[in-house]
Amino acid sequence: MTLNQADFEYLARFVLENSAISLGSDKMYLIESRLAPLCRQYGVANVSEIVASIRRNPNSKLSSSIVDAVTTNETYFFRDTKPFDELTNETLPRIIAKKGARSSLNIWSAACSSGQEIYSVAMMIEDNFPELRNWNVKLYASDISNAMVERTKAGVFNQLEVSRGLPTASLIKHFNRKGESFHVKEYLKGRLQVFPLNLASSWPSLPSFDVIFLRNVLIYFDPLVKQQILQRTERVLNKDGALFLGGSESTLGLKTKLVRETGKFCPWYRLPGS
Ligand SMILES: C[S@@+](CC[C@H](N)C(=O)[O-])C[C@H]1O[C@@H](n2cnc3c(N)ncnc32)[C@H](O)[C@@H]1O
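Side note on the overall build of the protein
When helices and strands are tallied, the protein shows 11 helices and 10 strands. At 20 Å, the protein has a C-alpha radius of gyration in line with the 19 Å of a compact globule built from 274 residues. Among the 274 residues that make up the protein, the fraction classed as buried is 51%. Considering only intrachain contacts with a sequence separation of at least 6, the fraction spanning at least 24 residues in the protein is 74%. Summed over its atoms, the accessible surface of the protein is roughly 13000 Å², and 50% of this surface lies on carbon and sulfur atoms. The protein carries 34 positive and 27 negative side-chain charges, and their two centres are separated by 4 Å.

This is the structure we're talking about:
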């Protein structure tokens, strides 16, 4: 049975309220296909029954499964390459030089999906910055999806995932193979703190970050929500820190203090006066 207009509108509102992701009416097919596996999982006949169930009980486990199911988790190791080149060759050397004796570094992947982004950063640091071994380097990763938070914590990837963007040398060096899966080695996992966070709702108290990756997530939000997220980001970005957005994202038309830098490899953003 296909979703009727009223059920679709209810679902779209539910998703908007719970994740700030706005689903236009052209997304009806997408939402049905994303929710179909939940019908099997929860033993209901169709997506309309899923809607009936969350109408009765909006705070059930099914509700968080819906948010998990509609979010787009596309990601891969060293995605787009250039932000990692900028980080390795420009951003980190500059931040390290400025910090001098203050030997701590905080990096945050703010919509981490299954973790490839933050593990790419972890591998890059391990391979290129031996001087940071004596620093207090903390890598943070968060996502709205509990399933993605758990996947990032686990650091376990399948054959297809490790074949996307990950150089063979890094696979050999930083992963242990167990049967068909590849497990990130403990020395990288141990640096990670992974937590659930809906970027569109109020944020808990967070440390301040030297580098923030906020990539390929703003695209899902309305301009006002984007702006609120950028303003919260400004508050947790260090004076000399760098913010990276996704390749198709920018602050254009949004009220924010952030200043765009062209970068040597890709654009990035900083606070004014830094
Ligand atoms: C396309 S992935 C991007 C992953 C990674 N940053 C990258 O660029 O490869 C988008 C991620 O944003 C997460 N997401 C969607 N809405 C969110 C929200 N309101 N708060 C936090 N994360 C959200 C999704 O669960 C998904 O994992």
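Focus on the packing of aromatic side chains
How two aromatic rings sit relative to each other is given by the distance of their centres and the angle of their planes. One pass over the structure, following the stated rule, counts 10 aromatic pairs. Ring geometry for F77 versus F175: centroids 5.9 Å apart, planes at 90°, classification edge-to-face. Of this pair, F77 sits in the loop between α4 (61-70) and α5 (82-99) while F175 sits in strand β4 (residues 175-178), and the two are 98 residues apart along the sequence. A single burial state applies to F77 and to F175, both of which are buried. Ring pairing ties together the aromatic residues F77, Y119, F157 and F175, which thus form one cluster. Directly above the aromatic system of Y10 lies the positively charged group of R55, at a separation of 4.2 Å from the ring centroid.

Considerations on the packing of helix α2 (residues 28-42) against α4
Think of two packed helices as two axes; the pair is described by the angle between the axes and how far apart they sit. α4 packs onto α2 with a crossing angle of 140° between their chain directions and a minimal axis gap of 9 Å. Classed by the angle they form, the pair α2 and α4 counts as oblique. Here α2 runs over α4; the crossing is right-handed. Residues I31, R34, L35, L38 and Y42 of α2 lie in contact with α4, whose contacting residues are K61, L62, S65, I66, A69 and V70. Broken down by class, the residue content of the contact of α2 with α4 amounts to eight nonpolar, one polar and two charged.

Describing the pattern of salt bridges
Tallied over the entire structure, the rule returns 16 salt bridges. Here D26 and K27 are joined by a salt bridge, their closest N and O atoms 3.8 Å apart. A relative accessible area of 62% means that D26 is categorised as exposed. Among the salt bridges present, the one from D240 reaches K98, with a minimum N-O distance of 3.5 Å. Here the residue D240 occupies a position in strand β8 (residues 237-245), and K98 occupies one in helix α5, the gap between them amounting to 142 residues. One network of salt bridges, with partners in common, ties together D80, E117 and R215.

So, helix α6 (residues 116-128)
An α-helical turn contains 3.6 residues, so any two residues separated by three or four positions project in the same direction. Over its 13 residues, α6 runs 18 Å from end to end, which matches the ideal 18 Å to within 8%, given 1.5 Å per residue. The buried count for α6 comes to 11 of 13 residues, which makes it a mostly enclosed element. Those residues of α6 not exposed but buried are Q116, E117, I118, Y119, S120, V121, A122, M123, M124, I125 and E126.

Side note on the domain arrangement of the protein
Each assigned domain of the protein is listed here: domain 1 (5-70) and domain 2 (82-270). Computed over C-alpha atoms, the centres of domain 1 and domain 2 are 29 Å apart. Across the contact, eight residues belong to domain 1 and 10 residues belong to domain 2. Our enumeration of links across domain 1 and domain 2 arrives at zero salt bridges. Applying the counting rule to domain 1 against domain 2 returns five residue pairs in polar contact (both at pLDDT 80 or more). Where the side of domain 1 that touches domain 2 is concerned, the elements lending two or more residues are α1 (5-19) and α4. If one sorts the elements of the side of domain 1 that touches domain 2 by residue count, α4 sits on top with three residues. A breakdown of the residues in the side of domain 1 that touches domain 2 according to their chemical character gives three nonpolar, four polar and one charged.

Let's talk about the site of the ligand
Contacts to the ligand come from 22 residues, most closely from S19, T75, A111, D143 and N216. Here a nitrogen atom of the ligand sits 3.3 Å away from a polar atom, N or O, in the side chain of E117. Between the ligand and R215, the relevant distance is 3.0 Å, taken from a nitrogen atom to a main-chain nitrogen or oxygen of the residue. Broken down by class, the residue content of the shell around the ligand amounts to eight nonpolar, nine polar and five charged.

Rules and cut-offs
Chains are numbered independently. Their residues run from 1 in the order of the written sequence. For this predicted model, a pLDDT threshold of at least 70 governs which residues receive local features, and a threshold of 80 or more governs which side-chain atom pairs are given and counted, while totals over whole chains, interfaces and linings are taken from all residues. Each side-chain value is worked out from all heavy atoms of the structure, with water and hydrogens disregarded. Runs of E in the DSSP output that reach at least two residues are strands. Runs of H or I that reach at least four are helices, and both are numbered from the N terminus. For the radius of gyration, the atoms used are the C-alpha atoms, and the globule rule reads 2.2 Å times the number of residues raised to 0.38. Partly exposed describes any residue whose relative accessible area lies between the buried limit of under 20% and the exposed limit of over 50%, with all areas from a 1.4 Å probe on protein chains only and scaled to the type maximum. Throughout, a contact is declared for two residues whenever any of their heavy atoms are within 4.5 Å. Shrake-Rupley sampling with a 1.4 Å probe provides the accessible areas, and residues are treated as covered by the protein chains on show and by no other component. In this tally, Lys and Arg are treated as positive and Asp and Glu as negative; His is ignored, and so are the chain termini. Where a charge lies is defined by one atom per residue type, namely NZ (Lys), CZ (Arg), CG (Asp) and CD (Glu). Stacked, edge-to-face and tilted labels apply to pairs of Phe, Tyr and Trp rings (six-membered ring for Trp) whose centres lie within 6.5 Å, assigned for plane angles under 30 degrees, over 60, and everything in between, in that order. Placement of a positive charge over a ring is assigned whenever Lys NZ or Arg CZ falls within 6 Å of the ring centre and within 35 degrees of the normal to the ring plane. Helix axes are fitted to C-alpha atoms over the stretch in contact, other axes to C-alpha atoms as well, and angles between N-to-C directions run from 0 to 180 degrees. Every angle not falling under 35 degrees, over 145, or within 65 to 115 is termed oblique; those three ranges are roughly parallel, roughly antiparallel and roughly perpendicular. Note: crossing handedness is left-handed where the near helix turns anticlockwise from the far helix by less than a right angle, and right-handed where it turns clockwise. Basically, the charged four are Asp, Glu, Lys and Arg, the nonpolar ten are Ala, Val, Leu, Ile, Met, Phe, Trp, Tyr, Cys and Pro, and anything else, Gly included, counts as polar. We count a salt bridge whenever a side-chain nitrogen from Lys or Arg sits within 4 Å of a carboxyl oxygen from Asp or Glu. Working rule for helices: expected span equals 1.5 Å times residues minus one. The split into domains, and so the bounds of each, comes from an automatic or database assignment of domains. Distance and chemistry together define a polar contact, namely a pair of N or O atoms within 3.5 Å, with one atom able to donate a hydrogen and the other to accept it when in protein, and with adjacent residues in sequence counting only for side-chain atoms on both sides. Distances are taken per atom, and a residue is near a molecule or strand as soon as one of its heavy atoms is within 4 Å of it.

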